[in-house]
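As a plain string of letters, each chain reads:
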There are 2 protein chains.
Amino acid sequence: MKIKDVLTHGPLIGSEKIYVPGQLFPELRVGMRRITLSDTYNEDGSRTSNAPVVVYDTGGPYTDSAYQVDLEAGLPRLREPWIDRRDDTTRSEELGSEYTRSRLQQRALDGLRYRHISLHPRVAKEQCVTQRYYASQGIITEEMEYVAIRENQLIDEAKERHAMAGDPLGAEIPSYITPEFVRSEIARGRAIIPANINHPELEPMIIGRNFLCKVNANIGNSAITSSIAEEVEKAVWATRWGADTVMDLSTGRHIHETREWIIRNSPVPIGTVPLYQALEKVHGKTYDLSWEIYRDTLIEQAEQGVDYFTIHAGLRKEHIPLTLKRLTGIVSRGGAIMAGWCTEHDEESFLYTHFEEICQIAARYDVSLSLGDGLRPGCIHDANDTAQMAELKTLGELNRIAARYHVQVMIEGPGHIPMHLIPENMTRELLDCDEAPFYTLGPLVSDIGAGYDHITGAIGASIIGHQGTAMLCYVTQKEHLGLPERNDVREGVVTYKLAAHAADLAKGHPTAYLRDYAMSKARFEFRWRDQFHLALDPERAQEFHDETLPDEEHKEKHFCSMCGEHFCSMRANRSFRQALQSRSAVPSEGLALSTEAPCSHHR
Amino acid sequence: MKIKDVLTHGPLIGSEKIYVPGQLFPELRVGMRRITLSDTYNEDGSRTSNAPVVVYDTGGPYTDSAYQVDLEAGLPRLREPWIDRRDDTTRSEELGSEYTRSRLQQRALDGLRYRHISLHPRVAKEQCVTQRYYASQGIITEEMEYVAIRENQLIDEAKERHAMAGDPLGAEIPSYITPEFVRSEIARGRAIIPANINHPELEPMIIGRNFLCKVNANIGNSAITSSIAEEVEKAVWATRWGADTVMDLSTGRHIHETREWIIRNSPVPIGTVPLYQALEKVHGKTYDLSWEIYRDTLIEQAEQGVDYFTIHAGLRKEHIPLTLKRLTGIVSRGGAIMAGWCTEHDEESFLYTHFEEICQIAARYDVSLSLGDGLRPGCIHDANDTAQMAELKTLGELNRIAARYHVQVMIEGPGHIPMHLIPENMTRELLDCDEAPFYTLGPLVSDIGAGYDHITGAIGASIIGHQGTAMLCYVTQKEHLGLPERNDVREGVVTYKLAAHAADLAKGHPTAYLRDYAMSKARFEFRWRDQFHLALDPERAQEFHDETLPDEEHKEKHFCSMCGEHFCSMRANRSFRQALQSRSAVPSEGLALSTEAPCSHHR
């Protein structure tokens, strides 16, 4: 089996890749997914065309049928000319990380190593090359226009807008996203574009309360069995179903080498928790962790191109006693490591005391910081407790420090939270953290959903997404039980895309509703293929339909297996609509649609 | 294959059936499911026992290991002595339904027929035998004490209450449910016990805003393939996973006979939409529907023991033009049928004009009425529109008429509703319908979730459940695409139980939280088997765990496959807790738990 066969590629059914040029930067080619729809057959025999629906595409080049996958070459480096043009970076003389240098010298790793590894990674000429820095200077970058185009999803070309008023709960979502709006949101610290200068392969995306709600998928190696191609495939697979960013939480022996392959082949931002690798380096002994080892890990990963780091710097020594009355203590792995270190050394967390240096490193590579919630509650009992809220306040402090370094920041949030306590999380985050993008895990609204925790999480995610959370970290159905497999990742990502979309609809995001409108019109007109293609998971929708009605001709039929051909509400709808039309002056727009209701087997 | 092998039976893993006696009625034996937990192993080598968690059981006798399934005999008729004792019913001289009589005369059906069919069904001696009638007279029935005991889930025997304050949003949930409270809620029309006098096999359950949130599962035959045993199994299977009621929406040739088998073997209330069968009787021609045929169908089904009828009487002729501007028209099958009839005849709906007679029939058998929302929106576009709200007002009128006949009523609700428009549905229902129990389908918070619509629905269901909806009608992942199969039913029921439970937690239901508490304590103490047993779907939880760690010994281990043995936050938690303990005067309760955090592969 060739490596390229390992990576899933090709368009989703019913979609084709299109590229939208920029205006400020005409050379931009923003990849989108165009879902072409079939015609409506009218009562009188005529046909009316239906405008295609365009959605942004996290799949990168992999979903372009013209793209030749080459794992060893990596993805095209689309951002390279942009970064070159800014002329604010230089190529390092040598690798900045001692660890990276030592790995390179190990001949035994040669077979694992990505071949085209850069020995001279980019670094800022001066102190800061972040998108936030440029935004604060009033400068619109290529990345900013790119995400503006992407967020609009070609809404301006849609013939009908079909807007629906939402309840934005304080969010300020414009009807059209301009590059200037992107710039202003980044400058205010309300949005981030995670985009390390050493990850030029990345297609820029934006995370912020006033943009489409995003989804992160976690991947992690299962130490023994995974090959490198399999690891890359996990990331590609997650983006195929809509993951906006991917966190690589691997903990094995070859994470350095594997990470290189993943970044070179990832069209979406890659996040990590550098603490995990630092702990590997000291053979799992928390006591032996130190700022020096951690710092070297940050540089190692920043030079590889990691786009955002989770940093558990908000968990301070003084917070630890607050967790002793908890039912499930500290459930964050990073949080537990740091609590262990602080206690063993009887010292303040080195992540907290060295936070300004962390910001300095982040600023030089434009690594965004995701301030980790090491004290997030691991059960309903511990939700919104003093430990959690004390840490959140500290995250707010750190956010203000990072702002001074023009470092892009998001704030991580819980966890296990019952529904009625979710809004308080958002309200406090906005207040304590100056509206920095909130990035939550779950929240799971109950503890007893084991085996269905993607759903327990999606319920909370929809609610907190509506409240204003900018990115939702997915939870899979294997949560609390085991490692997610391929199918769990797909199910988890699509479930969370659904939660994010529900939140966008509720907030009244101007581009979100068009797809629902098109879907329901297709449903009413029995355009089955269009329904599959408009679904979040077109393959599964078609597969479910075909389980009972596999023949191709059934995709043209005006019924489905739920009620069958002879017991379908379409006949009733048709007859009363026609009768009313012939009897009275019904507004013609009311009867323009082609008469049939979708089958429903309910009541 | 013997018939009894077709019906799934036996306890869920880790559960045993117990029976709790009554106090007012000592002969009551309320079946519950007791989940026995293993001991906590303390640091010092001692053990602490964990109290069992008791939950109510929708599985009826099937989940009692001592019960011998006998499809042909039907379930034990536990309510028969209660009904006899009230001495308010009589045995009919002959069957009241002409249709039933004609079916009995068809020799070709003999092979299909339930053998012990009653030729003399019960009927009220006077006009009314409803629970609501007794409640209004200040009388507590056996059914009322039964549901009070069931709702309490033996919370009074729990050593620790572990209550968590919720936000009931206007619900008035007492800390302990007394039979008198049940009576008063039914008298006020705020709760119902669907319990036809001809369904003595039923284990009573209550539906109301101030009780645990319930879940209904729809089943329907797939006309060609299903055998009768398979149809019964569908209902039993749904109750195994937690369906509180089952609606039989079959439309085939033998629905009369099949229904008899289902009711005789169902431990939960059975609901139907009599209009479907009435339409069958006129060979699918809506024009030929008439009050007489419909009335005979009501009596036919009431005599069989159907516990609640969905009646689409709120869709009035004047409402139909309001639907013409809709994107997806009328998607309710019952609604579309009645709209067709009204239009074809240019007459007011016979369900509306004959509603008092419907109430009179319902009162004589204690059939509860579920006032159908024939105008529920079928897409986000149509949510909360004038058609929907006009019908809801009419449902409120009808509810007041039913109250005069002491008929138990619930109100059906939507549908497709974006998150931000959900609360208005509940608020208006409470107002227009005098707090009658709300029974909603979905609501689906987006139109584009095809293939995942159990989740689209569960998101809305949790929210509307928190708002006060009393029963959630499940949606399966096959919604909009095809007929649900066995696995879809299980997935759908458990997903909706999760939504209902999340709503109960958010409302602060006093018995809901105990299970989450026990689950999280088990999780923190690595009691893996207890975690499986406390999950809503114990079998799936165990299966997922065993996929990566199949050995029995791993169920005793203090780690899981997510982080593995050597990279688990438990060590860190242990070390900092011990260190803090030795260093300072930490309250001992803070350290009583045995030190380890559950693995988490997140950040």
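Residues numbered from 1 in each chain as written. Chains lettered and ligands numbered in written order. Predicted model: local features only at pLDDT ≥ 70, side-chain atom pairs only at ≥ 80, totals over all residues. Heavy atoms only, no water.

Chain A is annotated in an unreviewed UniProt entry as Phosphomethylpyrimidine synthase from Porphyromonas somerae. Note on chain A: under the UniProt heading Sequence similarities (unreviewed entry), the record states "Belongs to the ThiC family." Word for word, the UniProt comment on chain A under Function (unreviewed entry) is "Catalyzes the synthesis of the hydroxymethylpyrimidine phosphate (HMP-P) moiety of thiamine from aminoimidazole ribotide (AIR) in a radical S-adenosyl-L-methionine (SAM)-dependent reaction." (UniProt positions renumbered as here; feature names shortened; annotations may be inferred.)

A. Spatial organisation of the overall build of chain A. If you tally the helices and strands in chain A, you get 21 helices and 17 strands. Taken over C-alpha atoms, the radius of gyration comes to 25 Å for chain A, in line with the 25 Å a tight globule of 603 residues would show. Considering only C-alpha atoms, chain A reaches an extent of 85 × 50 × 50 Å along its principal axes. Burial statistics for chain A: of 603 residues in total, 69% are counted as buried. Look at the contacts in chain A between residues 6 or more apart in sequence, and 75% of them connect residues 24 or more apart. About 19300 Å² of surface is accessible on chain A, with carbon and sulfur atoms providing 50% of the total. Here chain A holds 65 positive side-chain charges and 87 negative ones, and the gap between their average locations is 2 Å. (Helix = DSSP H or I, 4+ residues; strand = E, 2+ residues; numbered from the N terminus. Rg over C-alpha atoms; globule rule 2.2 N^0.38 Å. Buried < 20%, exposed > 50% of the residue type's maximum accessible area, 1.4 Å probe, protein only. Contact = heavy atoms within 4.5 Å. Areas by Shrake-Rupley, 256 points an atom, 1.4 Å probe, with all protein chains shown as cover. Lys, Arg positive; Asp, Glu negative; His and termini not counted. Charge placed at Lys NZ, Arg CZ, Asp CG, Glu CD.)

B. How the structure looks around the pairing of strand E16 (residues 438-441) of chain B. All names here are of chain B. Every second residue of E16 is oriented toward a common face, with Phe438 and Thr440 on one face and Tyr439 and Leu441 on the other, all of them buried. Summarising the sheet, strand E15 (residues 409-413) and E16 pair through three bridges and their orientation is parallel. Within the sheet, the bridge partner assigned to Ile411 lies in E16 and is Phe438. Crossover E15 to E16 through helix H15 (residues 422-432) is right-handed. As judged from the three bridges shared by E16 and strand E17 (residues 471-473), these two strands associate in the parallel manner. Each bridged residue has a counterpart across the sheet, and for Tyr439 the counterpart in E17 is Met471. Traced from E16 through helix H16 (residues 453-467) to E17, the parallel crossover comes out right-handed. (Pairing = 2+ DSSP bridges. Right-handed = clockwise from strand over helix to strand, strands pointing away.)

C. Structural context of the pattern of salt bridges. Residues and elements named next belong to chain B. Enumeration over the complete set of coordinates arrives at 92 salt bridges over all chains. Between Lys393 and Asp432 there is a salt bridge; the shortest N-O distance is 3.4 Å. Of the two residues, Lys393 is situated in helix H14 (residues 386-404) and Asp432 in helix H15; the sequence distance between them amounts to 39 residues. Overall, the relative accessible area of 54% leaves Lys393 in the exposed class. (Salt bridge = Lys/Arg side-chain N within 4 Å of Asp/Glu carboxyl O.)

D. Expanded view of the relation of the copies chain A and chain B. Between chain A and chain B, which share one sequence, the superposing operator has a rotation angle of 180 degrees and an axial displacement of 0.0 Å; the RMSD is 0.0 Å. Here the transformation between the copies is reduced to the relation of a two-fold axis. The rotation axis passes nearest to the C-alpha of A:Ile459 in chain A, at a distance of 2.4 Å. Here 99% of the contact residues of chain A are again contact residues in chain B; the copies associate through an equivalent surface. (Least-squares fit on C-alpha atoms with pLDDT ≥ 70 in both.)

E. Seen up close, unusual backbone geometry. Here B:Pro414 and B:Gly415 are connected by a cis peptide whose omega angle stands at 5 degrees. Relative to the helices and strands, B:Gly415 is located in the loop between E15 and H15. In this model, B:Gly442 is joined to B:Pro443 through a cis peptide bond whose omega is -15 degrees. Topologically, B:Pro443 is positioned in the loop between E16 and H16. The backbone phi angle of A:His406 is positive, close to 55 degrees, even though this residue is not glycine. Assignment of secondary structure puts A:His406 in the loop between helix H14 (386-404) and strand E15 (409-413). Judged by relative accessible area, which is 24%, A:His406 ranks as partly exposed. For A:Asp434, which is not glycine, the phi torsion reads 50 degrees and is therefore positive. In this structure, A:Asp434 sits in the loop between helix H15 (422-432) and strand E16 (438-441). The exposure class of A:Asp434 is partly exposed, given its relative accessible area of 35%.

F. Local environment of the nonpolar core. A:Tyr294, A:Phe355, A:Leu369, B:Tyr294, B:Phe355 and B:Leu369 are the most contacted members of the largest nonpolar core, which totals 292 residues. Not counting residues up to four positions away in its chain, the partners in contact with A:Phe355 are A:Ala313, A:Leu369, A:Leu371, A:Leu398, A:Ile401 and A:Ala402. (Core = buried A, V, L, I, M, F, W, Y, C linked by side-chain atoms within 4.5 Å.)

G. Expanded view of the packing of aromatic side chains. For the structure on display, the rule yields 24 aromatic pairs over all chains. Arranged with centres 6.2 Å apart and planes meeting at 85 degrees, the rings of A:Tyr308 and A:Tyr439 form a pair that is edge-to-face. Of this pair, A:Tyr308 sits in strand E13 (residues 308-311) while A:Tyr439 sits in strand E16, and the two are 131 residues apart along the sequence. For the pair formed by A:Tyr308 and A:Tyr439, the shared burial category is buried. Ring centres 5.5 Å apart and planes at 50 degrees place the aromatic pair B:Phe181 and B:Phe211 in the tilted group. (Phe/Tyr/Trp six-rings, centres within 6.5 Å; stacked < 30°, edge-to-face > 60°.)

H. Main features of the environment of A:Ala506. Examined against the element boundaries, A:Ala506 turns out to sit in helix H17 (residues 486-507). Along the primary structure A:Ala506 and A:Val20 are separated by 486 residues, whereas in three dimensions their C-alpha atoms are 28 Å apart. Beyond its immediate chain neighbours, meaning those up to four positions away, A:Ala506 contacts A:Gly166, A:Asp167, A:Pro168, A:His466, B:Met419 and B:His420.

I. Seen up close, the environment of B:Asp70. With respect to the helices and strands, the residue B:Asp70 is situated in the loop between strand E5 (53-56) and helix H2 (80-86). Accessibility expressed as a relative area gives 39% for B:Asp70, which makes it partly exposed.

J. Summary view of the packing of helix H7 (residues 228-240) of chain A against H17(A). Residue and element names in this part refer to chain A. At their nearest, the axes of H7 and H17 sit 9 Å apart, and the two run at 30 degrees to each other. Comparing their axes, H17 and H7 come out roughly parallel. At the point where H7 passes H17, the crossing takes the right-handed sense. The segment H7 lies against H17, with Glu233, Trp237 and Ala238 engaging Arg486, Val489, Arg490 and Val493. A breakdown of the residues in the contact of H7 with H17 according to their chemical character gives four nonpolar, no polar and three charged. (Axes fitted to C-alpha atoms, helices over the stretch in contact; angles between N-to-C directions. Parallel < 35°, antiparallel > 145°, perpendicular 65-115°, else oblique. Left-handed = near helix turned anticlockwise from the far one by under 90°. Nonpolar A, V, L, I, M, F, W, Y, C, P; charged D, E, K, R; others polar.)

K. Geometry of the interface of chain A and chain B. Each partner contributes residues to the interface: chain A has 136 residues there, and chain B has 135 residues. Counting the contacts that link chain A with chain B gives 23 residue pairs in polar contact (both at pLDDT 80 or more). Here the element with the most residues in the side of chain A that touches chain B is H17(A); it accounts for 11 residues. Of the residues that constitute the side of chain A that touches chain B, the class distribution is 66 nonpolar, 42 polar and 28 charged. (Polar contact = N/O pair within 3.5 Å; in protein donor to acceptor, adjacent residues only side chain to side chain.)

L. Examining the environment of A:Cys342 more closely. For A:Cys342, the location among the structural elements is in helix H11 (residues 333-345). Considered as a pair, A:Cys342 and A:Leu315 are 27 residues apart in the sequence and their alpha carbons are 9.6 Å apart.

M. Molecular detail of the pairing of E15(A). Residue and element names in this part refer to chain A. Judged by how many residues are buried, E15 sits mostly within the fold: five of five residues are covered. The alternating pattern of E15 places Val409, Ile411 and Gly413 and Met410 and Glu412 on opposite faces, both of which are buried. Here strand E14 (residues 368-371) runs beside E15; their pairing, made up of three bridges, is parallel. Looking at the pairing, Leu369 lines up with Val409 of E15. In terms of handedness, the path from E14 via H14 over to E15 forms a crossover that is right-handed.

N. Quick look at the sheet that holds strand E2 (residues 29-35) of chain A. Residue and element names in this part refer to chain A. Strand order in the open sheet formed by three strands is E1-E2-E5, with antiparallel pairing between adjacent strands. Looking at which strands have only one partner, the edges of the open sheet turn out to be strand E1 (15-21) and strand E5 (53-56). Each strand axis lies, on average, 40 degrees off the axis of its neighbour in the sheet, ignoring direction. As judged from the four bridges shared by E2 and E5, these two strands associate in the antiparallel manner.

O. Broad picture of the domain arrangement of chain A. All names here are of chain A. Taken as a whole, chain A is organised into domain 1 (1-61), domain 2 (84-506) and domain 3 (526-579). Each partner contributes to the interface: domain 1 provides 31 residues, whereas domain 2 provides 31 residues. Interface area, domain 1 with domain 2, both sides summed: about 2500 Å², of which 61% is carbon and sulfur. Among the residues of domain 1 in contact with domain 2, Thr8, Tyr56 and Thr58 are the three that bury the most area, contributing 28% of the side total. Inspection of the domain 1/domain 2 interface yields one salt bridge. (Domains from an automatic or database assignment. Buried area = accessible area lost by both parts, 1.4 Å probe.)

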